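Descriptive structure summary
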Amino acid sequence: MKLRILLADDHEIVRRGLCALLQKREGWEVCGEASDGREAIEMAKQLKPDVVILDIGMPNLNGLDTTRQLLQYDPQFKIIVLTITDSDQVIREALDAGARGFVLKSDAARDLVSAVEALQSKRMFFTPRVNDLVLRGFLDKGHAISRNEPPSLPILTTREREVTQLLAEGKSSKEVASLLNLSTKTVETHRSNIMRKLGLHSIRDLVVYAIKNNIIQIQMPAQPATTQTTVV
Amino acid sequence: MTVRILLVDDHPVVRQGLKTLLEGRSEWEIVGEASDGIEALEKVTSLQPDVVVLDVTMPRMNGIEACRLIQEKTPGREVLFVTQHDSPQMLREALAAGARGYVVKSNLARDLVEAVEAVSQHRPFTALARPRQS
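Each chain carries its own residue numbering, running from 1 in the written order of its sequence. All chains are assigned letters beginning at A, and all ligands numbers beginning at 1, according to the order in which they are written. Only residues with pLDDT of 70 or above have their local features reported here, since the model is predicted, and side-chain atom pairs are shown and tallied only from 80 upward, although totals for entire chains, interfaces and linings are computed over all residues.

**A word on the sheet that holds strand β4 (residues 78-83) of chain B**
Residues and elements named next belong to chain B. Convention followed: Here the rule is simple: two strands pair whenever DSSP picks up at least two bridges between them. Only DSSP runs of H or I reaching four residues or more are called helices, and only runs of E reaching two or more are called strands; each is numbered from the N terminus. Throughout, an axis means a line fitted to C-alpha atoms (over the contacting stretch in the case of helices), and angles, computed between N-to-C directions, take values from 0 to 180 degrees. By definition, residues are in contact whenever their C-beta atoms, placed on the basis of the backbone, come within 7 Å of each other.
Taken in spatial order, the six strands make up an open sheet running β2-β1-β3-β4-β5-β6, and their pairing is parallel. Unpaired on one side and paired on the other, β2 (28-34) and β6 (125-127) mark the two borders of the sheet. Neighbour-to-neighbour, the strand axes of the sheet open up by a mean angle of 20 degrees, direction not taken into account. Bridge count for strand β1 (residues 3-8) against strand β3 (residues 51-54) is four bridges, and the pairing is parallel. Looking at the pairing, Leu6 lines up with Val52 of β3. Sheet contacts for helix α5 (residues 108-120): β1, β2, β3, β4, β5 (101-104) and β6; angle to β5, the most-contacted strand, approximately 175 degrees.

**Concerning the domain arrangement of chain A**
Residues and elements named next belong to chain A. Here is the rule we go by: The split into domains, and so the bounds of each, comes from an automatic or database assignment of domains.
For chain A, the assigned domains are domain 1 (3-146) and domain 2 (150-232). Each side of the interface is counted separately: domain 1 has 12 residues, and domain 2 has 11 residues. No other element matches the four residues that helix α3 (residues 63-73) contributes to the side of domain 1 that touches domain 2.

**Some points on the packing of helix α2 (residues 37-47) of chain A against α3(A)**
Residue and element names in this part refer to chain A. Stated formally: When an angle is under 35 degrees it counts as roughly parallel; over 145 it counts as roughly antiparallel; between 65 and 115 it counts as roughly perpendicular; any other value is oblique. For any helix crossing, the convention is left-handed if the near helix is rotated counterclockwise from the far helix by under a right angle, and right-handed if that rotation is clockwise.
Closest axis-to-axis distance for the α2/α3 pair is 9 Å, and the angle between their directions is 25 degrees. Put simply, α2 runs roughly parallel to α3. The interaxial crossing formed by α2 with α3 has right-handed handedness. Together, Gly37, Ala40, Ile41, Ala44 and Lys45 of α2 and Gly63, Asp65, Thr66, Gln69, Leu70 and Tyr73 of α3 make up the contact between the two elements.

**Quick look at helix α10 (residues 203-212) of chain A**
Residues and elements named next belong to chain A. Under the convention used in this document: To sort residues by exposure, count the other C-beta atoms lying within 10 Å of each residue's C-beta; 20 or more gives buried, 12 or fewer gives exposed, and values between give partly exposed, all with C-beta atoms placed from the backbone. Of all possible arcs, the one meant is that of the directions from the helix axis to the C-beta atoms.
Here α10 has its buried residues at Leu206, Val207, Tyr209 and Ala210. Take α10 and look down its axis: the buried residues cluster within an arc of 160 degrees, on one side only. Residues of α10 that are exposed and point over 90 degrees away from its buried face: Arg204 and Lys212. Where α10 is buried, its residues meet α7 (158-168) and α9 (184-198). Trailing α10 by a residue or two, Asn214 shows a phi angle of about 60 degrees, which is positive.

**A look at the pairing of β4(B)**
Residue and element names in this part refer to chain B. Among the six residues that make up β4, six are buried, leaving the element largely enclosed by the rest of the structure. On β4, burial covers both faces: Glu78, Leu80 and Val82 on one face and Val79, Phe81 and Thr83 on the other are all buried. Direction of pairing for β3 relative to β4: parallel, over a ladder of four bridges. Each bridged residue has a counterpart across the sheet, and for Leu54 the counterpart in β4 is Phe81.

**Looking at the confidence of the model for chain A**
Residue and element names in this part refer to chain A. Note the following rule: Residue-level confidence of the predictor, termed pLDDT, takes values from 0 up to 100.
Residues of chain A with pLDDT of at least 70 account for 84%, and the chain-wide mean is 84. The lowest-confidence element of chain A is helix α6 (residues 132-141), averaging 64 in pLDDT; the highest-confidence one is strand β3 (residues 51-55), averaging 97. In the predicted structure, residues 144-152 sits below a pLDDT of 50 and forms five contacts with residues beyond four places in sequence or in another chain. Per-residue pLDDT stays below 50 along residues 221-232; that stretch engages in 28 contacts with residues further than four places along the chain or on separate chains.

**Let's talk about the packing of α3(A) against helix α4 (residues 88-97) of chain A**
Between two packed helices, both the angle of their axes relative to each other and the distance between the axes serve to describe the pair. Residue and element names in this part refer to chain A. Put simply, the rule is: For this scheme, ten residues count as nonpolar: Ala, Val, Leu, Ile, Met, Phe, Trp, Tyr, Cys and Pro. Four count as charged, namely Asp, Glu, Lys and Arg, and the remainder, Gly too, count as polar.
Here α3 crosses α4 at 15 degrees, and the two axes come no closer than 9 Å. With respect to each other, α3 and α4 are oriented roughly parallel. Two packed elements cross with a definite hand, and for α3 against α4 that hand is left-handed. Contacts between α3 and α4 involve Leu64, Thr67 and Arg68 on the former and, on the latter, Glu93, Ala94 and Ala97. Grouping the amino acids of the contact of α3 with α4 by side-chain chemistry returns three nonpolar, one polar and two charged.

**Observations concerning the sheet that holds strand β5 (residues 101-104) of chain A**
Residues and elements named next belong to chain A. Taken together, six strands build an open sheet; the order of strands is β2-β1-β3-β4-β5-β6 and the sheet is parallel. The open sheet has two edge strands, β2 (28-34) and β6 (125-126), and neither has a second partner. The pairing of strand β1 (residues 3-8) with β2 spans six bridges and is parallel. Bridge pairing in β2 links Ala8 to Ala34. Sheet contacts for helix α1 (residues 12-23): β1, β2 and β3; angle to β2, the most-contacted strand, approximately 165 degrees.

Listed below in structure tokens is the structure:
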């Protein structure tokens, strides 16, 4: 029987590359491709893939929140997250969200096939660059590794996190409402609850919070560029 | 005549994706790959490709700098930028550095083949993802 894989990344060129890598393996099939987290959730529910590969930095719904929502829906999903950073915070969040694989995008050509194989045989896979201590500490003590840090994320509900990402991406309350099938008034209530819970006063503060907490990721331009633009 | 292409991007997965988009054309040959600007300069010198498909943001030496040096040291090559920077400023810098083409990564499936075809015939090809307010 074929191993069915669902792939989610907002860059088509990356999906092409990943597909080419995965489909070299006999018996593996990419059964679906999604370009953001929301689409990934819909497709995963419908296609019931054996393995889900999620980019962390996706628009509309990031890969970590997609992981949380998918596992809430069905804890049996096997999820690998792809990331551009191996910072301790992102690793902890990925583990916390329930991902069983963690692969750096820059190493995907080498590691992704191994990661899928590991999950297939009910093991976990973390990119070799992940500090062993971080991993062991987390696994031994559960969530204790982050006890010295303020529990910034769990304060918000799943819905509030979704709204936070969309607002931080620059969408208006009306646009958020339409994306989430809510009324504008409900979105505005969520928005004021989020600001109150996090002690923030402006959308600018919210964007900073979203970046610091990996809800959205920024891409920096090339160094010697004369014009510095930041693409969120 | 065969068009000889060098692919330069720091992500092997992206290079793999570029290959799958380009491999449909029998008259195009991918002669090599590089993962940063310095390696690109070395490979351009040794392989003498017709077209260099170049990412902007890379470690050690970025694509803009590499493009300038390629044009300075080994003229006669056409450079096509393939980048996530959907920005008129970056496009201007790329052209000022001597590039003939500029396409945004989010539109590659639509634009890449056409862009390589254009620059291989020394015609410009530039496409941002969406019009910007100036």
